[in-house]
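# What the coordinates show
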Amino acid sequence: MKAIVVVGASLAGLRGAEALRQQGFDGTLTMIGAEPHLPYDRPPLSKEVLRGTWEPEQASLVRGDNIDKLELDLRLGRRATSLDTGRRRVELDDGSAVSYDGLLIATGATPRRLPGTDGMEGVHTLRTLDDCLAIRAGLERGPRVAVVGAGFIGAEVAATCRQRGLDVTMIEMLPVPLEPAVGADVGEALAAVHRDEGVDLRLGVGVDAIEGDGRVEAVRLSDGSRVEADLVVVGVGVAPETGWLEGSGVKVDDGVACDARCATSVPGVVAAGDVASWHNRTFDETMRVEHWSNAAEQARAATSTLLAGDGGGDPFESVPFFWSDQYDLKIQSAGRLAGADASRIVSGSLETRRFLKLYGRGGRLVGALAVNEPRRLMVMRRQIRALPDFDEAVAAASDDGSA
Ligand SMILES: Cc1cc2nc3c(=O)[nH]c(=O)nc-3n(C[C@H](O)[C@H](O)[C@H](O)COP(=O)(O)OP(=O)(O)OC[C@H]3O[C@@H](n4cnc5c(N)ncnc54)[C@H](O)[C@@H]3O)c2cc1C
């Protein structure tokens, strides 16, 4: 293989390029990134950078000369617009094209927007550094903030805005935030934390319209109420960035559809990170994971598959891991929480804001969630890999048991 192209110059793209060089690939390595920036980390965008305690440079993923050592043909500020898998060419928005023998798709995901808000001043989504800096500049004017969506990104933005002393209303369609993901008890406990911290939480209501003449003035809710706001952050989920693959023959089904080895439906093309859906044999489940550690780990697996050639490579069997920082809470999860048919808090309590909860499915331990218990969560992540018996895992991990 002489030429490899990586589309997407963020976490999965960079880790993929690093892995290729570490695995001895010494051919031409081209990386195409739509943003003008060198690869940077997104988690600080809703935390330290938004809070103003970090400058953007501190979120950079480029340390010293690590990027120079990769000897990349780096095309930043350039978007891949289409893919010709027959001729093995990626076409770019400046009319140029790059040929490849192997291709890593790492184009991540894009936030969903609320209809009718395009171009309205003061209404934001948060995905990129530029999004973050625009919101941060707005926060400096001391606005009344409305956050639409109480998922992890929305909740982090709300927490950060409260830490900046701003008035925050958070609006969530579900009666209990995050209930499908973490269960009602944890969702309610997290809601209580936000209320205690001064967030005006509106649950079980949708957004009917964002009002304002060119600039946001209020959010009108489905219960008829109106939340006055000068700045709105919409955190209602993301969609995998696959539009540029239309007509390429690369199968897309909730992201780029991959087999267990992260290989796509087209030879010589692999995918990793938020854009990739793959069959995770650990859980015997096809999944797409929007977590930092997955992007980093999957990129390594996908590039191994690429270098191994058709049919080669090992399955990417992983136990997904995620964290979220809100106020003084470090929330972490491992494995699969959604779809659990059993769950138990085995240590600590919701009231003390420190606990470990285990999740089971079909009698097996499949997930764990911890608040301010980082070490115990890591132990559980290792255990989940073997899907042990749920009751035995609960007994072993319980404070009153043998743990
Ligand atoms: C604000 C925020 C906070 C987060 N906090 C956490 C956290 O606390 N914990 C956690 O586990 N995860 C967190 N995440 C998720 C984590 O950052 C993502 O899982 C990770 O960034 C995924 O990396 P990726 O490389 O797959 O995709 P992305 O980071 O989305 O990168 C994809 C890149 O591809 C580029 N691109 C897209 N289309 C094209 C194209 N056609 N041509 C060229 N380039 C293209 C994009 O511009 C982008 O730069 C957070 C995400 C955000 C946005």
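Quantities reported herein were computed from a predicted structural model and do not represent experimental measurements. (Residues numbered from 1 in each chain as written. Predicted model: local features only at pLDDT ≥ 70, side-chain atom pairs only at ≥ 80, totals over all residues. Heavy atoms only, no water.)

Attention shifts here to the domain arrangement of the protein chain. Examined at the domain level, the protein chain breaks down into domain 1 (3-110 + 238-308), domain 2 (113-234) and domain 3 (328-397). Between domain 2 and domain 3, a total of about 860 Å² is buried, with carbon and sulfur atoms accounting for 64% of that surface. Together, Asp185, Val186 and Val193 form the three largest contributors to the area buried by domain 2 at its contact with domain 3, with a combined 39%. Applying the counting rule to domain 2 against domain 3 returns 3 salt bridges. Salt-bridge contacts for Asp185 lead to Lys357; the nearest nitrogen and oxygen are separated by 2.6 Å. Linking domain 2 to domain 3 there are 4 residue pairs in polar contact (both at pLDDT 80 or more). Among the secondary structure elements, those contributing two or more residues to the side of domain 2 that touches domain 3 are helix H6 (179-182) and helix H7 (184-196). (Domains from an automatic or database assignment. Buried area = accessible area lost by both parts, 1.4 Å probe. Salt bridge = Lys/Arg side-chain N within 4 Å of Asp/Glu carboxyl O. Polar contact = N/O pair within 3.5 Å; in protein donor to acceptor, adjacent residues only side chain to side chain. Helix = DSSP H or I, 4+ residues; strand = E, 2+ residues; numbered from the N terminus.)

This next bit is on the sheet that holds strand E15 (residues 226-228). Pairing within the open sheet is antiparallel, and its 3 strands lie in the order E13-E14-E15. Among the strands making up the open sheet, the edge pair consists of strand E13 (207-211) and E15. Strand after strand, the sheet turns through a mean of 20° between neighbouring axes, direction not considered. Inspection of the sheet shows strand E14 (residues 218-221) paired to E15 by 3 bridges, in the antiparallel sense. Residue Val219 lies in a different strand from E15, and its bridge partner there is Val227. (Pairing = 2+ DSSP bridges. Axes fitted to C-alpha atoms, helices over the stretch in contact; angles between N-to-C directions.)

The sheet built from 3 strands is open, its strands ordered E4-E5-E6 with antiparallel pairing. Edge positions in the sheet fall to strand E4 (80-84) and strand E6 (97-99), since each has one partner strand and no second. The sheet shows a mean angle of 20° between the axes of neighbouring strands, direction not considered. Sheet topology places E4 next to strand E5 (residues 89-92); 4 bridges connect them, and they run antiparallel.

On to helix H1 (residues 11-22), then. For H1, built from 12 residues, the straight-helix expectation of 16 Å at 1.5 Å per residue is met to within 8% by its first-to-last C-alpha distance of 16 Å. Most of H1 sits out of view: 10 of its 12 residues are buried. Turning to H1, the residues buried within the fold contact strand E1 (3-7), strand E2 (28-33), helix H3 (66-69), strand E3 (72-76), strand E7 (102-105) and helix H8 (292-308). (Expected span 1.5 Å × (residues − 1). Buried < 20%, exposed > 50% of the residue type's maximum accessible area, 1.4 Å probe, protein only. Contact = heavy atoms within 4.5 Å.)

Moving on, we get to the site of the ligand. Lining the immediate surroundings of the ligand are 35 residues, of which Ser10, Glu35, Arg42, Lys47 and Arg127 lie closest. Residue Lys47 places a side-chain N or O atom 2.6 Å away from an oxygen atom belonging to the ligand. Surface burial for the ligand is 96%, taken as the share of its 1000 Å² of free accessible area covered by protein chains. Residue assignment for the shell around the ligand shows that the elements contributing at least two residues are H1, E2, helix H5 (152-163), H8 and strand E22 (321-326). Tallied by class, the residues present in the shell around the ligand amount to 17 nonpolar, 8 polar and 10 charged. Two domains each donate at least three residues to the shell around the ligand, and these are domain 1 (3-110 + 238-308) and domain 2 (113-234). (Near = heavy atom within 4 Å. Areas by Shrake-Rupley, 256 points an atom, 1.4 Å probe, with all protein chains shown as cover. Nonpolar A, V, L, I, M, F, W, Y, C, P; charged D, E, K, R; others polar.)

What follows deals with the packing of aromatic side chains. Summed over all chains, the structure comprises 4 aromatic pairs. A ring pair is formed by Phe152 and Phe322, whose centres lie 4.7 Å apart and whose planes are at 55°; its orientation type is tilted. Of this pair, Phe152 sits in helix H5 while Phe322 sits in strand E22; the two residues are 170 residues apart in sequence, bridging distant segments of the chain. Judged on exposure class, the residue Phe152 and its partner Phe322 are both buried. A centroid spacing of 6.1 Å and a plane angle of 65° characterise the contact between Trp292 and Trp323, whose relative ring orientation is edge-to-face. (Phe/Tyr/Trp six-rings, centres within 6.5 Å; stacked < 30°, edge-to-face > 60°.)

Attention now goes to the nonpolar core. General note: in soluble globular proteins, nonpolar side chains tend to be found buried as a group. Grouped together as the largest cluster of nonpolar side chains are 70 residues, with contacts concentrated most on Val90, Leu103, Ile105 and Leu358. In terms of domain composition, this core takes at least three residues from each of domain 1 (3-110 + 238-308) and domain 3 (328-397). When sequence neighbours within four positions are dropped, the list of residues in contact with Leu103 reads Val5, Val7, Leu83, Val90, Gly268, Val269, Val270 and Leu306. Counting 40 residues, the second-largest nonpolar core is a separate cluster that includes Leu126, Val157, Met170 and Tyr327. (Core = buried A, V, L, I, M, F, W, Y, C linked by side-chain atoms within 4.5 Å.)

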